[in-house]
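Read off the chains here:
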Amino acid sequence: MSPIIKVNNLSKHFKVYRYHRGAWGALRNLFSPQYQLIRAVDGISFEVHPGELVGYLGPNGAGKSTTIKMLAGLLVPTAGELIVNNRVPWKERKAHVARIGAVFGQRTTLWWDLPVIESLELLQYIYAIPPKRFQQNMATFRDLLELDSFLHTPVRSLSLGQRMRADMVAALLHDPVLLFLDEPTIGLDVVSKERIRKFIQHINREQGTTIILTTHDLSDVEKLCERVLIIDHGKLLYDGSLNTLKERFGGERELCVEYAEDYLSIEVEGATVSEHNGQRVTYKFEREKITASELISRISLRYRIRDLEVREPDIETTVRRIYEEQLLEK
Amino acid sequence: MSSTLDIYRRLLLLQFRSQMQYRMSFLFYILNTALITTFEFGSLVLVMQRFENIGGWRLGEVAFLYSIVKAVFSLMDMIFSGFDPPYFGRNVRLGTFDQLLLRPVNITVQVLGSRFELHRLGNIILGLVIFVFAMQLTDIQWTWIKLLYLPLVFLGQICFFGGLFILGSTITFWTVDSIETVNIFTYGGSEMIAYPMHIYHQWMRLFFTFIVPAIFLNYYPALYILDKPDLFNMPPFVFFLAPIVGFISLTAASAFWRFGIKHYQSTGT
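Residues numbered from 1 in each chain as written. Chains lettered and ligands numbered in written order. Predicted model: local features only at pLDDT ≥ 70, side-chain atom pairs only at ≥ 80, totals over all residues.

Undergrad: Go over the overall build of chain B with me, naming the residues and quoting the values.
TA: A tally of regular secondary structure across chain B gives 12 helices and 0 strands. The order of α-helices and β-strands along chain B, N terminus first, is α-α-α-α-α-α-α-α-α-α-α-α. Computed over its C-alpha atoms, the radius of gyration of chain B comes to 20 Å, within 12% of the 18 Å expected for a compact globule of 269 residues. Taking the principal axes of the C-alpha coordinates as reference, chain B spans close to 55 × 45 × 35 Å. Buried residues in chain B amount to 37% of all 269 residues. (Helix = DSSP H or I, 4+ residues; strand = E, 2+ residues; numbered from the N terminus. Rg over C-alpha atoms; globule rule 2.2 N^0.38 Å. Buried ≥ 20, exposed ≤ 12 C-beta atoms within 10 Å, placed from the backbone.)

Undergrad: Outline the overall build of chain A, supporting the account with residue identities and numerical values.
TA: The helix and strand tally for chain A stands at 11 helices and 13 strands. Relative to its length of 330 residues, chain A is extended, with a C-alpha radius of gyration of 25 Å against a globular reference of 20 Å. For the C-alpha atoms alone, the extent of chain A along its principal axes is close to 70 × 60 × 45 Å. Partitioning the contacts of chain A with sequence separation of at least 6, the portion at a separation of at least 24 is 71%. (Contact = placed C-beta atoms within 7 Å.)

Undergrad: With reference to specific residues and values, describe the interface of chain A and chain B.
TA: Across the contact, 23 residues belong to chain A and 20 residues belong to chain B. Residue assignment for the side of chain A that touches chain B shows that the elements contributing at least two residues are helix 3 (93–97) and helix 4 (116–126) of chain A. The greatest single-element share of the side of chain A that touches chain B, amounting to 4 residues, is contributed by helix 4 of chain A. Of the residues contributing to the side of chain A that touches chain B, the split by class is 16 nonpolar, 1 polar and 6 charged. (Nonpolar A, V, L, I, M, F, W, Y, C, P; charged D, E, K, R; others polar.)

Undergrad: Can you tell me about the sheet that holds strand 6 (residues 178–182) of chain A, naming the residues and giving the values?
TA: Residues and elements named next belong to chain A. If you walk across this open sheet you meet the 6 strands as 5-6-7-3-8-9, and the pairing is mixed. Pairing within the sheet leaves two strands with one partner each, and these edge strands are strand 5 (100–104) and strand 9 (235–241). When strand polarity is set aside, the average angle formed by the axes of neighbouring strands in this sheet is 15°. In terms of strand pairing, strand 5 meets strand 6 through 5 bridges, oriented parallel. From the neighbouring strand, A102 faces strand 6, where its bridge partner is F180. Strand contacts of helix 6 (residues 160–172): strand 5 and strand 6, with the helix running at about 165° to strand 5, the strand carrying the most contacts. (Pairing = 2+ DSSP bridges. Axes fitted to C-alpha atoms, helices over the stretch in contact; angles between N-to-C directions.)

Undergrad: For the pairing of strand 1 (residues 5–18) of chain A, give the residues involved together with the corresponding values.
TA: Residue and element names in this part refer to chain A. Here strand 1 pairs with strand 2 (residues 34–48) via 12 bridges, running antiparallel. Across the sheet, residue I5 finds its bridge partner in strand 2, namely V48. With 5 bridges joining them, strand 1 and strand 4 (residues 79–84) adopt antiparallel strand pairing. Bridge pairing in strand 4 links I5 to V84.

Just geometry here; none of it tells us what the structure is for.
Shown next, in the form of C-alpha cells:
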C-alpha cells in the first residue's frame with residue numbers, strides 16, 4: 001500500500017522581524033530590516049500508511065503544530081516534499097480539505113449559539129454528504145458518543161466533554177481518510193477522556209481512518225498509539241514503536257517491596273536502593289542488567305516479603321529524557 | 001461541492017438564527033444606535049434652524065447627503081461585518097481563520113458568512129426615514145438618468161467602504177498594531193462625506209479628492225442630483241465617478257486580499 005502521507009526533507013522557516021521603536025526606528029525597519037530565522041520544522045522525513053494511528057509528540061514550540069498546518073494545507077513549506085493523499089496540500093486547498101478532518105481541542109468549529117444538530121446539518125451541506133450516508137454516520141456516532149442528550153442544546157451550553165464529542169462528529173461526518181487530532185482530551189475528566197479514546201480507537205479500527213494525534217497527555221499515547229514520532233527544535237528525534245522507545249530510553253524500572261520485618265541491611269546485588277522507609281523499600285534497576293523476576297528471587301532468598309510491585313518508567317519521563325539529553329542526536 | 005452562493009445563503013441563515021437567540025439584546029442594540037443617530041441628526045436640524053444653511057446648503061439638501069451615507073454605510077457595515085478589521089484580526093490571532101481554511105469552501109464567502117451584524121438594520125431604516133424627510137424638503141428635478149444613477153451611487157459607496165474593510169483586514173496578516181488607523185478612513189471617511197465637502201479646510205478636501213477619492217462617492221453625485229453648482233470647476237464626468245471609484249477600491253482590495261492569503265499561508269503570522 002502506498003503511503004497516505006509522504007514527507008521528505010520538509011522544512012518551514014520563519015523570519016521573525018525585530019522592530020525598532022519610534023520614527024527613526026520605523027525608517028530602519030523599512031530600509032534595513034533585521035530578522036531572526038526560526039527553523040520551526042527543519043528537514044524532517046517520514047511516511048504514514050493508511051490505517052495507522054500515529055502519536056506526534058514534542059514540547060511546546062517544537063514544531064508540531066507547524067507540521068500539522070502544512071499537512072492540513074494551511075501553510076506552504078519552505079523546502080522539501082510533502083504529499084498527502086496523493087495531493088500537494090497547499091496547491092489544492094479545497095480538494096485537499098474535503099478529504100481530511102481536524103479537531104483542535106482548544107476551540108470549536110461549531111456555531112456557538114446554535115443547537116449542535118444545526119451545525120452538523122450545515123456541514124452535511126458544505127461537504128455534500130449524501131443524506132443516507134449522513135444518517136448512517138449520525139446513527140453510529142449517536143450510539144458511540146451518546147449524543148442524544150445534547151444534540152439539540154446550543155453549543156455554548158455544552159460541557160467541555162460534550163463539546164469535544166460534538167466536534168469529533170463534526171470532523172468525521174464526511175468520512176475523511178485522514179484525521180488530525182490536536183489535544184483531543186485536554187481538560188477532560190477521566191470518564192470523558194476514556195470515552196473519547198474509545199471512540200478514536202473505534203474509528204481507526206472499524207473505519208480505517210488514518211489518525212495523527214498530537215497531545216501532551218501521554219496516557220493518550222500509551223492507550224492509542226503503536227507508533228510515535230517525536231520532534232524537538234524542528235528535528236525528528238524519534239520515529240518508531242512505543243515499546244521500543246520505552247525499552248531503549250525507558251531508563252530504570254522500580255521495584256517497591258514491603259518487607260514483613262525490619263531489616264538493617266537491605267542491599268541487593270544488581271539494584272540500588274532509592275528509598276528506604278521502615279519496611280517499605282524502593283529499588284531501581286536497569287532492564288538490560290537484570291530481569292524483574294531475577295531480582296525478586298534474589299531478594300526473597302534473604303528476606304521475607306509481604307508485598308511487592310514492579311513499576312515501569314512512565315512515558316513522560318522517557319520522552320523528557322529524550323528531549324533533554326537529545327539521546328538520538330548524532 | 002454545493003454551490004458557493006447557496007453556502008453563503010445558509011451561512012447567513014445561521015447568522016440570523018444565532019442573533020435571534022438574543023432578541024432583547026438585539027432590540028436594545030437597534031434602539032441604542034437609532035437613538036444616537038436621532039440625536040446626531042436632531043442636533044444638525046437645530047443648528048440649521050439657527051443658521052439656515054451650511055455653506056449654502058439648506059437642511060433638505062444636507063439631509064439628502066447625510067441620509068444616503070447613513071443608510072448605505074450601515075448596509076455595508078452589515079454585509080462586510082466579517083471583514084471588520086479589528087474583528088478579523090482577532091480571528092486570525094485566535095486561529096479561527098485557520099478553521100475556515102479547513103473547510104472546502106471559498107474563503108471570502110466564509111469570512112462574509114462568519115458575521116452579519118443584523119442590528120445595523122436600525123441605522124439603515126433610520127437613514128431611509130431621513131431620506132424620505134429630505135425628499136419632502138427638497139424639490140429635486142428627477143430625470144431618468146438621476147433615477148438610474150442613484151442606485152449606482154449606493155453600490156459605489158458599498159464597494160468603496162467594503163474595499164477599505166477588506167484592505168484593513170488583510171493588513172492584520174502582517175500587523176495588528178495600527179489597525180485602528182483604518183477606521184479613520186472607514187468610519188471617519190463616512191462621517192466626512194455626510195456633509196457638503198466644500199465646508200472643510202482645503203488640505204482635507206484635497207486629501208479626500210486625490211489620495212482617498214471619497215469626495216466622488218457622495219458629494220459630487222449629490223451636486224448632480226440636486227443641481228448644485230460645482231465650486232471647484234472639476235470636469236463634468238466627475239459627477240459620475242462614484243461607481244468607478246467603488247469598483248476600483250473593491251478590485252484593488254480583492255487583489256491585495258488574495259496576495260495577503262498567499263502571504264499568510266507562507267508565514268502563518
